[in-house]
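# Structural overview
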Amino acid sequence: MFHKETLKGKTILVTGGGSGLGLAMADRFAELGADVAICGRTEAKLQVAVEQLKRHGRRVEYVVCDVRDDAAVEAMFRELESRLGVLNGLVNNAAGNFLSPSEALSLNAFRAVVDIVLIGTFNCTRHFARRLMAEKKPGSILNIVTTYVHTGSAFVMPSAAAKAGVYAMTMSLAYEWAEYGIRVNAIAPGAFPTHGAWSRLMPDDTFEQFYLKRHPWHRYGEKAELANLAVFLMSDLAPYLTGECIAIDGAERLQGGQFNFITQLMPREKLKTIFQAMKEKAKPSGG
Ligand code: HXC
């Protein structure tokens, strides 16, 4: 479906691109012809990531930047523009999250997550778009949210609240910035384990086994699956696709379907027998 020039002419910044899903997306972008920039808080991580990304032969740059710091974000875009020209792609991937009972959260803890996810996305989005608008060039923004933007989720309330805000931002800006030729979309990934996320969100094996048991595919997502969807959304293959949030979670988010629980009760063959017996019983007696 993709070839090595699918993203030719794209210059894409991935926030939080030094590791995990951000790095996986940046790597696939570079492999398919994009020039790529990554930012994050830890320089050592970014340096290693850049070496990995350079193997594709594209221009690759990094900037140390905390997306919560608006002045630093503005300086980052200025700096990247001097090195790569005006960027035309932005992936807001940097995030913060941890498990906590909501009643135990301090204001500072709530703020730490909201600042990275919601304020950080706002900071990057605004500076990115302003520079594109000044140049009268089109571009594409991709926000990485979560499937629980629609439902909320216990024990990750700050993340749910912040990501829901990003989802609302996605739809708002898709409409508002259509006239500038800027598309704004979101991906809602299910579980794609990375060290950063899983060390904060998956306490141990028992939790993990329970999680996978109730997942309809009984497996996690693979980074490459997410990266390919990101490529599609950042490419020119989808010029009319904007304001959309695409879930990639193996249907995990749909577990609330009223009778979905039945799939977890017993093997399918046994279920068939039970359903058949119910059918027989429900037949009119004929008398
Ligand atoms: C309760 C916590 C906490 C925890 C930190 N805090 N961790 N409270 N439980 N586990 C509190 C601190 O006590 C402090 O409040 C406040 O939060 C700020 O903490 P700091 O460590 O000073 O903040 P900071 O260094 O800025 O770190 C931000 C962070 C951290 C969000 C807390 O976890 C981080 O940097 N995360 C980035 C990477 C990450 O989280 N990746 C996962 C994203 S996964 P007090 O009151 O003590 O000052 C994701 C996907 C979702 O989003 C979908 C999954 C299926």
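Before reading on, note that the structure itself is shown above.
Residues numbered from 1 in each chain as written. Predicted model: local features only at pLDDT ≥ 70, side-chain atom pairs only at ≥ 80, totals over all residues. Heavy atoms only, no water.

## A word on helix H8 (residues 223-234)
Helix length check: H8 (twelve residues) gives 16 Å between terminal C-alpha atoms against 16 Å at 1.5 Å per residue, within 8%. Of all the positions in H8, only Leu-226, Ala-227, Leu-229, Ala-230, Val-231, Leu-233 and Met-234 are classed as buried. Buried-residue contacts for H8 involve strand S1 (11-15), helix H1 (20-31), strand S4 (89-92), strand S5 (139-144), strand S6 (182-189) and strand S7 (245-248). (Helix = DSSP H or I, 4+ residues; strand = E, 2+ residues; numbered from the N terminus. Expected span 1.5 Å × (residues − 1). Buried < 20%, exposed > 50% of the residue type's maximum accessible area, 1.4 Å probe, protein only. Contact = heavy atoms within 4.5 Å.)

## Points about the pattern of salt bridges
Evaluated as defined, the whole model comprises 15 salt bridges. Linking Arg-131 and Glu-81 is a salt bridge whose minimum nitrogen-to-oxygen distance equals 2.4 Å. Placement of the pair is Arg-131 in helix H4 (residues 107-135) and Glu-81 in helix H3 (residues 70-84), with a sequence separation of 50 residues. The exposure class assigned to Arg-131 is partly exposed, which follows from its relative accessible area of 24%. Exposure remark for Glu-81: the relative accessible area of 23% places this residue in the partly exposed category. Measuring nitrogen to oxygen at the nearest pair gives 3.3 Å for the salt bridge that ties Lys-272 to Glu-269. (Salt bridge = Lys/Arg side-chain N within 4 Å of Asp/Glu carboxyl O.)

## Some remarks on the packing of aromatic side chains
The tally for this structure, following the rule as stated, stands at three aromatic pairs. With 6.3 Å between their ring centres and 55° between their planes, Phe-77 and Phe-128 make a pair best called tilted. Of this pair, Phe-77 sits in helix H3 while Phe-128 is found in helix H4, placing the two residues 51 residues apart along the sequence. For the pair shown, Phe-77 and Phe-128 are each scored as buried. Ring plane angle 85° and centroid distance 5.6 Å describe the contact between Trp-198 and Tyr-220, whose orientation is recorded as edge-to-face. Within this pair, whereas Trp-198 is found in helix H6 (residues 195-201), its partner Tyr-220 is found in the loop between helix H7 (205-214) and H8, the two being separated by 22 residues in sequence. (Phe/Tyr/Trp six-rings, centres within 6.5 Å; stacked < 30°, edge-to-face > 60°.)

## Things to note about the packing of H1 against helix H2 (residues 43-54)
At their nearest, the axes of H1 and H2 sit 9 Å apart, and the two run at 30° to each other. On the basis of their axis angle, the class for H1 and H2 is roughly parallel. Handedness of the crossing formed by H1 with H2: right-handed. Counting all contacts with H1, which are made through Leu-23, Ala-26, Asp-27 and Ala-30, the residues of H2 involved are Ala-49, Gln-52 and Leu-53. (Axes fitted to C-alpha atoms, helices over the stretch in contact; angles between N-to-C directions. Parallel < 35°, antiparallel > 145°, perpendicular 65-115°, else oblique. Left-handed = near helix turned anticlockwise from the far one by under 90°.)

## Some details on the pairing of strand S2 (residues 35-40)
Of all six residues that make up S2, six are buried, and the element is covered over most of its length. Burial along S2 is two-sided: the face carrying Asp-35, Ala-37 and Cys-39 and the face carrying Val-36, Ile-38 and Gly-40 are both buried. Across five bridges, S1 lies against S2 in parallel orientation. Along S2, the bridge assignment pairs Ile-12 with Val-36. Following the backbone out of S1, through H1 and into the adjacent parallel S2, one traces a crossover that is right-handed. Examined bridge by bridge, S2 and strand S3 (residues 60-64) share five bridges and lie parallel to one another. (Pairing = 2+ DSSP bridges. Right-handed = clockwise from strand over helix to strand, strands pointing away.)

## Thoughts on unusual backbone geometry
In this structure, Lys-136 takes a positive phi of about 55° despite not being glycine. By secondary structure assignment, the location of Lys-136 is in the loop between H4 and S5. Residue classification places Lys-136 among the exposed residues on the basis of a relative accessible area of 76%. A positive phi angle, near 70°, is found at Ala-251, a position not held by glycine. With respect to the helices and strands, the residue Ala-251 is situated in the loop between S7 and helix H9 (268-282).

Bear in mind that shape data such as this cannot, by itself, settle questions of function.
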